[in-house]
Amino acid sequence: MTVQLNHTIVAAHDKQASARFLADILGLEVGPQYGPFIPVEIPNGVTLDFMEAPGDITPQHYAFLVSEDDFDTIFGRIEKRGLTHWADPFHRQRGEINHNDGGRGTYFDDPNGHNLEILTRPYGSGG
């Protein structure tokens, strides 16, 4: 049996701005609107479909596995924008990068409070 995540919906107050934020940080493209969604396709084929949601948004966590070189590039964009970042998902280690499993990782928030993460080694992979 083959099971793959195809897409997920990301709640946003401004779907276009939120999709553009993620795409710009990760160096991806924003796709054309499809129904109520603004998609950002990740290179492994998973699409994040941004949809406007009224009221409070419950923050979700989205983690992106990237190469060492891509980490440097993306982290440079985070710093250039002056975004606060943390080494941990609980936002206790401000301004730091973690080195879990021999890689690097950091967390930062999107405009809706979603907890975004970039990491170079999957958790539990050793190192």
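These figures come from a predicted structure and were not determined experimentally.

The rules behind these values
- Residues numbered from 1 in each chain as written.
- Predicted model: local features only at pLDDT ≥ 70, side-chain atom pairs only at ≥ 80, totals over all residues.
- Heavy atoms only, no water.
- Salt bridge = Lys/Arg side-chain N within 4 Å of Asp/Glu carboxyl O.
- Helix = DSSP H or I, 4+ residues; strand = E, 2+ residues; numbered from the N terminus.
- Buried < 20%, exposed > 50% of the residue type's maximum accessible area, 1.4 Å probe, protein only.
- Expected span 1.5 Å × (residues − 1).
- Polar contact = N/O pair within 3.5 Å; in protein donor to acceptor, adjacent residues only side chain to side chain.
- Core = buried A, V, L, I, M, F, W, Y, C linked by side-chain atoms within 4.5 Å.
- Contact = heavy atoms within 4.5 Å.
- Phe/Tyr/Trp six-rings, centres within 6.5 Å; stacked < 30°, edge-to-face > 60°.

Draft legend 1. Structural view of the pattern of salt bridges. Evaluation of the coordinates by the stated rule reveals 4 salt bridges. As a salt-bridge pair, Arg 104 and Glu 68 come within 2.8 Å of each other at their nearest N and O atoms. Remark: Glu 68 occurs in helix α2 (residues 68-80) and Arg 104 occurs in the loop between β5 (85-86) and β6 (105-109); sequence separation between them is 36 residues. On the basis of relative accessibility, which here comes to 36%, the residue Glu 68 falls in the partly exposed class.

Draft legend 2. Inspection of helix α1 (residues 15-26) at higher detail. Taking 1.5 Å per residue, 12 residues should reach 16 Å; α1 reaches 17 Å between its end C-alpha atoms and fits that length. Of all the positions in α1, only Lys 15, Ser 18, Ala 19, Phe 21, Leu 22, Ala 23, Ile 25 and Leu 26 are classed as buried. Here α1 starts with a cap whose side-chain oxygen sits 3.2 Å from the backbone nitrogen of Gln 16, and that cap is Asp 14. Count one or two residues on from α1 and you reach Gly 27, which has phi positive near 75°.

Draft legend 3. How the structure looks around the nonpolar core. Counting residues in hydrophobic clusters, the biggest one holds 25 residues, and the most contacted among them are Leu 22, Leu 26, Val 40, Leu 48, Phe 50, Phe 64 and Ile 118. Those elements that provide at least two residues to this core are β1 (7-12), α1, β2 (38-41), β3 (47-52), β4 (61-65), α2 and β7 (115-119). Here this core takes 6 residues from α1, the largest share from any one element. What Leu 26 contacts, discounting residues up to four positions off in sequence, is Phe 64, Ile 74, Arg 77 and Ile 118.

Draft legend 4. Structural context of the packing of aromatic side chains. Applying the stated criterion across every chain yields a total of 1 aromatic pair. Ring geometry for Phe 71 against Phe 75: centres 5.9 Å apart, planes inclined by 10°, an arrangement best described as stacked. On the criterion of helical spacing, the pair formed by Phe 71 and Phe 75 is a turn pair, its members being 4 residues apart in helix α2. By relative accessible area, which is 1% here, Phe 71 ends up buried.

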